[in-house]
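Chain and residue survey
Residue-level listing of the chains:
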Amino acid sequence: MTQPEPFGGERDPRLAAMLREQFDGADHAAFVARVREQLEYRVSAWEELARWARPGIAAAILALVMLSAWGALQLETEAASTDVAEATGLEPLDSDALIGVALGTAR
Amino acid sequence: MVRITAVSDVELARRAREGDREAFGLLVDRHAPMVRRICRAVLRHPEDADDAAQDAFLSAWNGMGRFDPGVAFSPWLGRIAMNAARDLRRRRRVRESEVIPSDTKSWTPGPDTAAHAALLRERMDRAMSELTERQRVALVLYEVEGYTHAEVAEVLGVPEGTARSDLFHAKRRLRPLLELD
């Protein structure tokens, strides 16, 4: 003989019916359609984003490479002018002053 | 010909993991009643519960890659539904004391029993508001969905003994209501 479970293991069909009445959602078909629609919308949006992501990332990498190359070039130029100043013991001329002198000479 | 309804949850979940939206749609159709009941048991508000149920399915879709096909799909989804309902409550501060309007009747009393049914419903509403959220969900999972104690515990994220205890106390509280007839 099986002993009854200490915490009421038997299921009660009447209680189940009451719980269904309390918690069942209305219009199953409309709810399922709503979830499917949301799913389609989100998946489509994600796929669209993914379609744009690849060229977008490639463009960003290219821009980063170009920016890095330009930065490296700038640093090299600055280092070269500092070397000249050190070798000659002269301060590098201000670029505005140089342009002014050049224009004055031309006249 | 193989009827699509005969396809197991595991097979549909496997297809959904591979991005098959139709397979996931069938899982939605199959498990929506359970997910909605769990959300209603947590939130006690029909519109918020359906919003949470929808969130649960979208989370499940996003998390299909983490689903282990070796375990049952339904408790895994139930857990997601429970979390979605709790998240929504946190976000919206749901009116917990509000009583769910009875918009669906699973059984309709005849005219002679209408008053009795109304009384029963009113008592059920009151009894439900006296139960904790976990007790309500445990009752729904055990009595309506037919889960085992272990599965109820898994969804609730508590030890099996705690789930059994929740059920025991919930049923004890509802006993006077069930003895109305």
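Up top you'll find the structure we're talking about.
Below is a short write-up of the structure. Quick caveat: nothing in here was measured; it's all calculated off a predicted structure. (Residues numbered from 1 in each chain as written. Chains lettered and ligands numbered in written order. Predicted model: local features only at pLDDT ≥ 70, side-chain atom pairs only at ≥ 80, totals over all residues. Heavy atoms only, no water.)

**Focus: the overall build of chain B**
In terms of regular secondary structure, chain B is built from eight helices and zero strands. When the helices and strands of chain B are read in sequence order from the N terminus, they spell out α-α-α-α-α-α-α-α. Counting the 181 residues in chain B, one finds 49% classified as buried. Long-range contacts, defined here as pairs at least 24 residues apart, represent 66% of the contacts in chain B between residues at least 6 apart. Accessible surface, chain B as shown: approximately 8,500 Å² in total, 49% of it carbon and sulfur. (Helix = DSSP H or I, 4+ residues; strand = E, 2+ residues; numbered from the N terminus. Buried < 20%, exposed > 50% of the residue type's maximum accessible area, 1.4 Å probe, protein only. Contact = heavy atoms within 4.5 Å. Areas by Shrake-Rupley, 256 points an atom, 1.4 Å probe, with all protein chains shown as cover.)

**Observations regarding the pattern of salt bridges**
Note on pairing: side chains with opposite charge can pair once their charged atoms come close. Counted by the stated rule, this structure contains 19 salt bridges over all chains. Residue Arg34 of chain A pairs with Asp51 of chain B through a salt bridge whose shortest N-O separation is 2.5 Å. Here Asp51 of chain B lies in helix α3 (residues 46-62) and Arg34 of chain A lies in helix α2 (residues 28-88), a pairing that spans two chains. Accessibility expressed as a relative area gives 29% for Arg34 of chain A, which makes it partly exposed. Across the pair Asp55 of chain B and Arg91 of chain B runs a salt bridge whose closest N-O atoms are separated by 3.1 Å. Linking Asp55 of chain B in helix α3 with Arg91 of chain B in helix α4 (residues 73-92), this pair joins segments that are 36 residues apart in sequence. One connected set of salt bridges, linked through shared partners, spans Glu11, Arg14, Arg15 and Glu18 of chain B. (Salt bridge = Lys/Arg side-chain N within 4 Å of Asp/Glu carboxyl O.)

**Brief notes about helix α2 (residues 21-43) of chain B**
Residue and element names in this part refer to chain B. In a regular helix each residue adds 1.5 Å, so 23 residues correspond to 33 Å; α2 covers only 28 Å between its end C-alpha atoms and thus falls short of that length. Considering bend angle alone, the principal kink of α2 is centred on His31 and spans about 60 degrees; proline Pro33 follows within four residues of it. Counting buried positions along α2 gives 18 out of 23 residues, so the element sits mostly inside the fold. By the N-cap criterion, in which a side-chain oxygen at the helix start approaches the backbone nitrogen of a residue two or three places on, α2 is capped by Asp20, the distance to Glu22 being 3.0 Å. In the stretch just after α2, Arg44 is the one whose phi turns positive, near 60 degrees. (Expected span 1.5 Å × (residues − 1). Bend = angle between axes of the 7 residues up to and from the residue. Polar contact = N/O pair within 3.5 Å; in protein donor to acceptor, adjacent residues only side chain to side chain.)

**Structural notes on the packing of aromatic side chains**
Two numbers describe a pair of aromatic rings. These are the distance of the centres and the angle of the planes. Residue and element names in this part refer to chain B. Tallied over the entire structure, the rule returns five aromatic pairs over all chains. Taken together, a centroid distance of 5.3 Å and an interplanar angle of 65 degrees make the contact between Phe24 and Trp61 edge-to-face. With Phe24 in helix α2 and Trp61 in helix α3, the pair connects residues that are 37 residues apart, well separated along the chain. A relative accessible area of 1% places Phe24 in the buried class. We classify Trp61 as buried; its relative accessible area is 17%. On the basis of an interplanar angle of 85 degrees and a centroid distance of 5.4 Å, the ring pair of Phe67 and Phe73 is categorised as edge-to-face. The exposure class of Phe73 is buried, given its relative accessible area of 3%. A network of ring pairs unites the aromatic residues Phe67, Phe73 and Trp76 as a single cluster. (Phe/Tyr/Trp six-rings, centres within 6.5 Å; stacked < 30°, edge-to-face > 60°.)

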